[in-house]
Amino acid sequence: MPLTRTWAKSSHSDPNGGNCIEARQPGTGTVQVRDSKDTSSPSLSFSSDCWQAFTATVRAADPDD
């Protein structure tokens, strides 16, 4: 999922309201993640390096991605 300053929903999110996340990169070096079903809830913040390592691990574990 390309990250921008605005929230973007994962392409793997369930369109019927299932497990969904949104992420954004509000500034250099930081990525925020939130539950797209409850956008008023707090978001989690990660360093860009940590987020890249996490997403690389997830992609490596999913051969269909």
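Residues numbered from 1 in each chain as written. Predicted model: local features only at pLDDT ≥ 70, side-chain atom pairs only at ≥ 80, totals over all residues. Heavy atoms only, no water.

All right, on to the packing of aromatic side chains then. In this structure the tally under the stated criterion is two aromatic pairs. For the ring pair Phe46 and Trp51, a centre distance of 6.1 Å and an interplane angle of 35° mean the geometry is tilted. Among the residues examined, Trp51 registers a relative accessible area of 11% and is labelled buried. Aromatic side chains Trp51 and Phe54 sit 5.6 Å apart centroid to centroid with 40° between the ring planes, which places their arrangement in the tilted category. With Trp51 and Phe54 both in helix H1 (residues 48-61), this residue pair falls three residues apart, about one helical turn. Judged by its relative accessible area of 47%, Phe54 is partly exposed. Chaining the aromatic ring pairs together yields one cluster made of Phe46, Trp51 and Phe54. (Phe/Tyr/Trp six-rings, centres within 6.5 Å; stacked < 30°, edge-to-face > 60°. Buried < 20%, exposed > 50% of the residue type's maximum accessible area, 1.4 Å probe, protein only. Helix = DSSP H or I, 4+ residues; strand = E, 2+ residues; numbered from the N terminus.)

What follows deals with the sheet that holds strand E4 (residues 44-47). The strand order E1-E2-E3-E4 describes an open sheet built from four strands, whose pairing is antiparallel. The outermost strands of the open sheet, each flanked by one partner alone, are strand E1 (8-9) and E4. Where H1 meets the sheet, it contacts strand E2 (21-27), strand E3 (30-35) and E4, and its direction lies at approximately 95° from that of E4. (Pairing = 2+ DSSP bridges. Contact = heavy atoms within 4.5 Å. Axes fitted to C-alpha atoms, helices over the stretch in contact; angles between N-to-C directions.)

A word on the pattern of salt bridges. Applying the stated criterion across every chain, the model contains two salt bridges. Salt-bridge contacts for Arg34 lead to Glu22; the nearest nitrogen and oxygen are separated by 2.7 Å. With a gap of twelve residues between them, Arg34 in strand E3 and Glu22 in strand E2 connect regions that are remote in the sequence. For the pair Arg34 and Glu22, a shared accessibility class is recorded, and that class is buried. As a salt-bridge pair, Asp35 and Lys37 come within 3.1 Å of each other at their nearest N and O atoms. (Salt bridge = Lys/Arg side-chain N within 4 Å of Asp/Glu carboxyl O.)

In this section: H1. Its 14 residues place the ends of H1 20 Å apart at the C-alpha level, agreeing with the 20 Å of an ideal helix rising 1.5 Å per residue. Every buried residue of H1 is accounted for by Ser48, Trp51 and Thr55. End-on view of H1: buried residues confined to an arc of 60°, all on one side of the axis. Exposed residues on H1 whose side chains face more than 90 degrees from its buried face are Asp49, Thr57, Ala60 and Ala61. If you follow the buried residues of H1, they end up packed against E2, E3 and E4. (Expected span 1.5 Å × (residues − 1). Arc of directions from axis to C-beta.)

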